[in-house]
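# Summary of structural features
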There are 2 protein chains.
Amino acid sequence: MVVRLEVSYDGTDFKGYQIQTSDPTVQGLIENAISKVYNQTIKTFTSGRTDTGVHAIMQVISFKTDKNIPEDGLKKALNSLLPPQIRVNKVKYENKSFHARFSAKSREYMYVIYNNDDVCPPFFYRYVWHVRGKIKIRKLKKTLKYLKGEHDFSSFSERTEKDNHVRKIISIKVKKKGKFIYIFIKGNAFLRRMVRVIIGTCVGIAKSNDFQPEFIKDILKAKNRGKNPFPTAPPNGLYLYKIEF
Amino acid sequence: MVVRLEVSYDGTDFKGYQIQTSDPTVQGLIENAISKVYNQTIKTFTSGRTDTGVHAIMQVISFKTDKNIPEDGLKKALNSLLPPQIRVNKVKYENKSFHARFSAKSREYMYVIYNNDDVCPPFFYRYVWHVRGKIKIRKLKKTLKYLKGEHDFSSFSERTEKDNHVRKIISIKVKKKGKFIYIFIKGNAFLRRMVRVIIGTCVGIAKSNDFQPEFIKDILKAKNRGKNPFPTAPPNGLYLYKIEF
């Protein structure tokens with residue numbers, strides 16, 4: 001059998017998702033909890049890795065097992081073993097071909113910006129990017145739109161590997177609510193730090209008087225992060241939001 | 001001159017408000033920042049001490065100085081020296097009789113409960129008390145009401161000192177919004193842990209089938225924490241909310 005876990009977490013206190021030797025990671029803590037419940041070492045797969053400080057509203061994890069523990073009991077057991085920063089929201093048995101990474105058809109991320117010239121309330125700083133200076137929403141939307149579709153996203157990645165950098169962005173939505181701006185980006189898959197570089201770049205253009213939205217086409221064409229003059233947005237505002245299979 | 005600071009903070013990462021020798025405290029960090037700006041050691045006074053994990057929407061701090069730094073410049077300087085968990089929202093010059101503690105006429109606290117039998121989302125756990133089992137709102141309100149007015153609150157305090165335990169509760173409000181319950185308690189002053197013991201006791205009664213709201217009158221009369229069978233509510237849900245002068 002394959003077990004599918006739907007998990008959410010506050011990434012602030014962890015060294016990212018992927019397991020490491022020393023620092024606490026989301027994967028490390030989840031595999032520890034699963035291995036305790038099943039009384040054997042169990043390896044997991046995931047739909048999307050997240051960096052240090054990045055959160056998940058919906059992360060999907062899968063693993064194989066022979067033992068048939070009832071779904072609700074497994075959920076309760078795992079939550080009792082996990083810290084409150086990580087919660088298992090749903091446990092579901094899938095057929096044996098299911099794989100959290102390879103069966104995933106799309107990943108959607110949400111990025112939250114707090115756009116205000118005054119202070120950022122202390123209860124928000126873990127969960128938003130505090131941006132001073134007015135972000136022009138129409139310009140932000142127009143800039144983001146040029147990234148829709150299939151492109152080589154080398155200019156929007158901190159990855160140094162030489163493999164294929166072509167990814168497909170399926171949809172981009174922008175919502176403003178008071179001082180908060182929510183950006184939803186859905187794609188087939190993403191390069192390392194890709195969402196954060198996209199946000200940093202598009203917010204930089206939308207705030208600037210010197211750059212037009214069309215400048216993003218030049219950045220795309222350059223296929224080189226070094227030719228993109230904008231910073232990577234911080235991890236605090238980023239959430240893995242939805243996985244479709 | 002006396003400077004008045006209005007400050008908010010997320011108490012999760014600090015060992016309470018009051019300065020200590022080793023662990024980081026809100027007061028320690030604020031006095032450090034002030035002393036750096038003025039280039040001399042400055043002692044501060046505060047309207048209400050908070051325990052480890054307790055937050056503040058509005059905390060008021062006062063200190064004396066001879067130097068006349070413009071309000072906005074002082075606010076920016078302090079915020080640049082403080083961690084993002086502590087924010088100075090307002091700086092105001094007061095006349096020299098102003099004292100954050102002795103001039104305060106009332107303190108209001110807010111307590112936030114997340115009442116849900118399923119998991120508590122990881123983004124909430126620092127900021128709420130997660131209570132399973134339905135809290136009856138009418139019963140909660142009725143129980144709390146008996147505490148209004150002037151009473152000896154010895155049964156609702158973890159303080160062991162022998163001094164006067166009489167305090168006056170000015171108002172109590174309860175609001176329910178979805179799975180959240182907000183309780184506002186305003187008093188002239190509070191004993192150590194008093195709000196948390198009040199919340200723990202009243203929620204205990206409101207959830208129980210064995211105790212009626214009137215049981216709180218017996219607890220009050222006992223003037224002894226040991227005669228109050230209910231636990232102290234955790235610090236996460238507690239916020240210093242408003243100070244009136």
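Here we come to the domain arrangement of chain A. Residue and element names in this part refer to chain A. Domain boundaries in chain A define domain 1 (2-94) and domain 2 (106-244). Of note, the centres of domain 1 and domain 2, computed from C-alpha atoms alone, are 27 Å apart. Each partner contributes residues to the interface: domain 1 has 16 residues there, and domain 2 has 16 residues. Together, the buried faces of domain 1 and domain 2 total about 1300 Å²; carbon and sulfur atoms form 55% of this surface.

Here we come to helix α1 (residues 26-38) of chain B. Residue and element names in this part refer to chain B. Counted at 1.5 Å a residue, the expected span for α1 with its 13 residues is 18 Å, and the 18 Å between its end C-alpha atoms agrees. Of all the positions in α1, only Val26, Gln27, Gly28, Ile30, Glu31, Ala33, Ile34, Ser35 and Tyr38 are classed as buried. Buried-residue contacts for α1 involve β1 (2-9), β3 (55-64), α2 (71-81) and β4 (86-94). After α1 finishes, the residue Asn39 shows a positive phi value of roughly 60 degrees.

Turning our eyes to something else, we now look at the interface of chain A and chain B. Facing the 25 residues of chain A at the interface are 25 residues of chain B. Area buried by chain A at its contact with chain B is led by Pro122, Phe123 and Arg126 of chain A, which between them contribute 35% of it. One can count six salt bridges joining chain A with chain B. Between Asp10 of chain A and Arg126 of chain B there is a salt bridge; the shortest N-O distance is 2.6 Å. Run the count over chain A and chain B and you get ten residue pairs in polar contact (both at pLDDT 80 or more).

This part takes up the pairing of strand β9 (residues 180-187) of chain A. Residues and elements named next belong to chain A. Within β9, seven of the eight residues are buried, leaving the element largely enclosed by the surrounding structure. Strand direction decides the pairing type here: strand β5 (residues 106-115) and β9, joined by eight bridges, are antiparallel. Counterpart to Tyr114 in the pairing with β9 is Phe180. As paired strands, strand β8 (residues 166-177) and β9 are joined by eight bridges and run antiparallel to one another. By the bridge assignment, Lys173 is partnered in β9 with Phe184. The antiparallel hairpin formed by β8 and β9 contains two residues in its connecting segment, where Gly178 sits at a positive phi of about 65 degrees.

What counts and how
Throughout, residues of each chain are indexed from 1 in the direction in which the sequence is written. Going through the entries in the order they are written, you letter the chains from A and number the ligands from 1. Totals for whole chains, interfaces and linings use every residue, but because this is a predicted model, local features are given only for residues with pLDDT of at least 70 and side-chain atom pairs only at 80 or more, for both listing and counting. Side-chain measures here rest on the full set of heavy atoms in the structure, leaving out hydrogens and waters. For the domain bounds, the source is a domain assignment made automatically or taken from a database. We call two residues contacting when some pair of their heavy atoms lies within 4.5 Å. In short, buried area is how much 1.4 Å probe accessible area vanishes from two parts on joining, totalled over both. Every helix listed is a DSSP run of H or I at least four residues long, and every strand listed is a run of E at least two residues long, numbered separately from the N terminus. Expected span of a helix: the number of residues minus one, times 1.5 Å. We call a residue buried when its accessible area falls under 20% of the maximum for its residue type, exposed when it is over 50%, and partly exposed in between, using a 1.4 Å probe and counting protein chains only. Whenever a carboxyl oxygen of Asp or Glu lies within 4 Å of a side-chain nitrogen of Lys or Arg, that contact is scored as a salt bridge. Whenever two N or O atoms come within 3.5 Å, that pair is a polar contact, provided that in protein one can donate a hydrogen and the other can accept it, and provided that, for residues adjacent in sequence, both atoms are side-chain atoms. Strand pairing follows a simple DSSP-based rule, namely that at least 2 bridges must link the two strands.

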